[in-house]
Amino acid sequence: MNDILRDSSLAAPRAVDLLQHYQPGSTLFASSRQTLLAEGVDTLLPQADHASMAAEAMAHLAERRAAGERRPVALGALPFRPDAPARLWLPRTTLFGQGVEAAEIAHAPAQPGGRRAGTVTALPSPQRYQDNVTRALAAIAAGEFEKVVLSRSLQVEAQIDLAALLQRLARRNPIGYTFAFDLADRPASRTLIGASPELLLARRGRRVVSHPLAGSIPRSADPVEDARRAAGLLRSAKDRHEHALVVDAVAAALRPFCRELTVPAEPTLLSTPTMWHLGTEVAGQLDDPTVSSLQLALALHPTPAVCGHPTAPARDFIQAVEGFDRGLFTGLIGWCSDDGDGEWAVTIRCAEAHKDRVSLYAGAGIVAGSDPALELAETAAKLRTMLNAMDLESALEQQL
Ligand SMILES: C=C(O[C@H]1C=CC=C(C(=O)O)[C@@H]1O)C(=O)O
């Protein structure tokens, strides 16, 4: 790592500098709170159930702290399904920097993050996705569950410039969680890269925050129409119901850990360059400050923002109809330090890149009143977060 970045007499490096030092093979996680750039693998946690892996990571962190390391961290990308492979590791070196500043990042170089799309495979096809939504609506009407999140994937042949893609994502999504995680022990160097707008859990000392999102509408380039859509979303009974299911589940999962928990009664609007979302910031004070950010994040996962309500029948339905393996998509991604502090985002608006292939993902929550064509359009708009940063939006317009 560059010595200028490491000089401890200077203030923490700026996010924009850490982003510029990212190279494929390293790992970066950036938010408005802080940025973290890590290299290498010191300890890779063996596959086990996620709670055991988390406990083992904390034990390794305590050892490293006892050995004199100033702020050891564990990095992780944990999958949607509890039985799918997780990646949780202690890096060889970690550098903490400042949070992303929109004004600084606006001047970051931003060459295209991808080029030349080749073959594109949609899993499932757009038609089949709409059929899945119709089936979900029938299951909801039959009382099998109240909400399910159905997703789809685009597998694209394209030349990806990971460093440029990461900078572009951070530049376009300065209030989100931008990440590029090296998954190198998986078949020949893969990178999970994205810009999630959704905070699963942040912990600093006793303070914990979650910012669930659910209920969405695509943005419009026309400012009048864009404002109309935002106002309509805020009023929509269907979207408020879809949102409330997530907030209730997040509050119920956090409450046992907290001596104080604030749950606003009304959602607010949150925007990304492609989407409007309903969001609610849930904040609390931990009862027991030894509970780590990773343990808390796992207690929340999977929220109904990525799975459904109730969890078990929604998960079974996803498994039965979705038609592809989500892997790390709709899991959790972030870091936890030895004192338990950390930040975990929901792994959405992301892609897994491997050589000249990239798999993109997007999902949408289905409740009574959802419309299959609108849900398809919503997933298309969500896919644009990555496609735009790769400059492939117009090349793939027909496939969305
Ligand atoms: C599953 C995704 O979004 C979730 C997060 C925010 C809003 C959502 C919605 O309105 O459906 C989804 O629950 C995705 O972006 O792939």
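For the structure itself, consult the block above.
Predicted, not measured: the structure shown is a model, and the values here were computed from it. Along each chain, the written sequence defines residue order, and numbers are assigned to residues from 1. Per-residue local features are limited, in this predicted model, to residues with pLDDT of at least 70; the limit for side-chain atom pairs, both in listing and counting, is 80 or more; totals at the level of whole chains, interfaces and linings are taken over all residues. Side-chain figures throughout are based on the complete set of non-hydrogen atoms in the structure, without hydrogens or water.

## Thoughts on the sheet that holds strand β13 (residues 199–204)
So, step 1. In this scheme, strands are said to pair when DSSP sees at least two bridges between them. Secondary structure elements are taken from DSSP: a helix is a run of H or I of four residues or more, a strand is a run of E of two residues or more, and numbering for both begins at the N terminus. With respect to topology, 9 strands assemble into an open sheet ordered β3-β5-β4-β21-β22-β13-β14-β19-β16, the strand pairing being antiparallel. The two strands at the open ends of the sheet, each matched to only one other strand, are β3 (43–44) and β16 (258–262).
So, step 2. Across 2 bridges, the pairing between β3 and strand β5 (residues 87–90) is antiparallel. Paired with T43 across the bridge in β5 is L90.

## Considering unusual backbone geometry
So, step 1. Between L123 and the following residue, P124, the backbone shows a cis peptide bond with an omega angle of -10°.
So, step 2. Position of P124 among the secondary structure elements: in the loop between β8 (120–123) and α5 (126–141).
So, step 3. The omega angle of the peptide bond from H301 to P302 is -10°, so this bond is cis rather than trans.
So, step 4. By the element assignment, P302 lies in the loop between α9 (293–300) and β20 (308–309).

## Some details on the pairing of strand β24 (residues 357–366)
So, step 1. The buried label goes to any residue with under 20% of its type's maximum accessible area, the exposed label to any with over 50%, and the partly exposed label to all in between, with areas taken from a 1.4 Å probe on protein chains only. Counting buried positions along β24 yields 9 of 10 residues, so the element is predominantly enclosed.
So, step 2. Summarising the sheet, strand β9 (residues 147–157) and β24 pair through 10 bridges and their orientation is antiparallel. When the sheet's bridge partners are listed, S151 is paired in β24 with G363.
So, step 3. With antiparallel pairing between neighbouring strands as the criterion, strand β23 (residues 350–354) and β24 make up a hairpin whose turn holds 2 residues, including K355 at a positive phi of roughly 50°.

## Topic: the packing of aromatic side chains
So, step 1. Only centres within 6.5 Å qualify two rings of Phe, Tyr or Trp (six-membered ring in Trp) as a pair; their planes then separate them into stacked at under 30 degrees, edge-to-face at over 60, and tilted for everything else. Evaluated as defined, the whole model comprises 7 aromatic pairs.
So, step 2. Geometrically, the ring pair formed by W89 and F181 is edge-to-face, given 5.8 Å between the ring centres and 85° between the ring planes. With W89 in strand β5 and F181 in strand β11 (residues 177–182), this pair connects stretches of sequence that are 92 residues apart.
So, step 3. Pairwise contacts between aromatic rings join F29, W89, Y177 and F181 into one cluster.
So, step 4. Positioned over the ring face of W276 is R219, at 4.6 Å from the centre of the ring. Consider the ring centre and the ring normal. A charge sits over the ring if Lys NZ or Arg CZ is within 6 Å of that centre and within 35 degrees of that normal.

## Considering the packing of helix α8 (residues 237–254) against α9
So, step 1. Every axis corresponds to a line fitted to the C-alpha atoms, with the helix fit spanning only the stretch in contact, and the corresponding angles, defined between N-to-C directions, vary from 0 to 180 degrees. Between α8 and α9, the least distance of the axes is 9 Å, while the angle of their chain directions is 135°. Considering the angle they form, α8 stands oblique to α9. In this structure, α8 crosses over α9, and the sense of that crossing is right-handed. On α9, the residues that touch V250, A253 and L254 of α8 are L296, A299 and L300.
So, step 2. Of the residues in the contact of α8 with α9, the class split is 6 nonpolar, no polar and no charged. An angle below 35 degrees is read as roughly parallel, one above 145 as roughly antiparallel, one from 65 to 115 as roughly perpendicular, and any other as oblique. Note on convention: near helix rotated counterclockwise from far helix by under a right angle means a left-handed crossing. Clockwise means right-handed. Should any heavy atoms of two residues lie within 4.5 Å, those residues are counted as being in contact. Three categories are distinguished: nonpolar for Ala, Val, Leu, Ile, Met, Phe, Trp, Tyr, Cys and Pro, charged for Asp, Glu, Lys and Arg, and polar for the others, with Gly belonging to the last.

## Digging into the pattern of salt bridges
So, step 1. When a carboxyl oxygen of Asp or Glu lies within 4 Å of a side-chain nitrogen of Lys or Arg, that pair is called a salt bridge. By the definition in use, this model includes 20 salt bridges.
So, step 2. The salt bridge partner of D17 is R14, with a shortest N-O separation of 3.2 Å.
So, step 3. On the accessibility criterion, D17 (22% relative accessible area) is partly exposed.
So, step 4. The class of R14 is partly exposed, set by a relative accessible area of 36%.
So, step 5. Within the structure, one salt-bridge network assembled from shared partners comprises K238, D239, E242 and E375.

## Describing the state of the cysteines
So, step 1. Any pair of cysteine sulfurs within 2.5 Å is marked as a disulfide. One pass over the full model with this rule turns up 0 disulfides.
So, step 2. C307 forms no disulfide, and the closest cysteine sulfur to it belongs to C350, at a distance of 16 Å.

## Comments concerning helix α7 (residues 223–235)
So, step 1. Between the first and last C-alpha of α7 there are 19 Å, a value that for 13 residues agrees with the 18 Å anticipated at 1.5 Å per step.
So, step 2. Among the residues of α7, those classed as buried are E225, D226, A230 and L233. Buried residues along α7 cover an arc of 140° about the axis, so they all sit on one side. For α7, the exposed residues set more than 90 degrees away from the buried face come down to V224, R228 and R235.
So, step 3. Considering only its buried residues, α7 is in contact with β15 (213–218), α8, β17 (268–271) and β18 (275–279). One fewer than the residue count of a helix, multiplied by 1.5 Å, yields its expected span. Regarding the arc, it is the one traced by the directions from the helix axis to the C-beta atoms.

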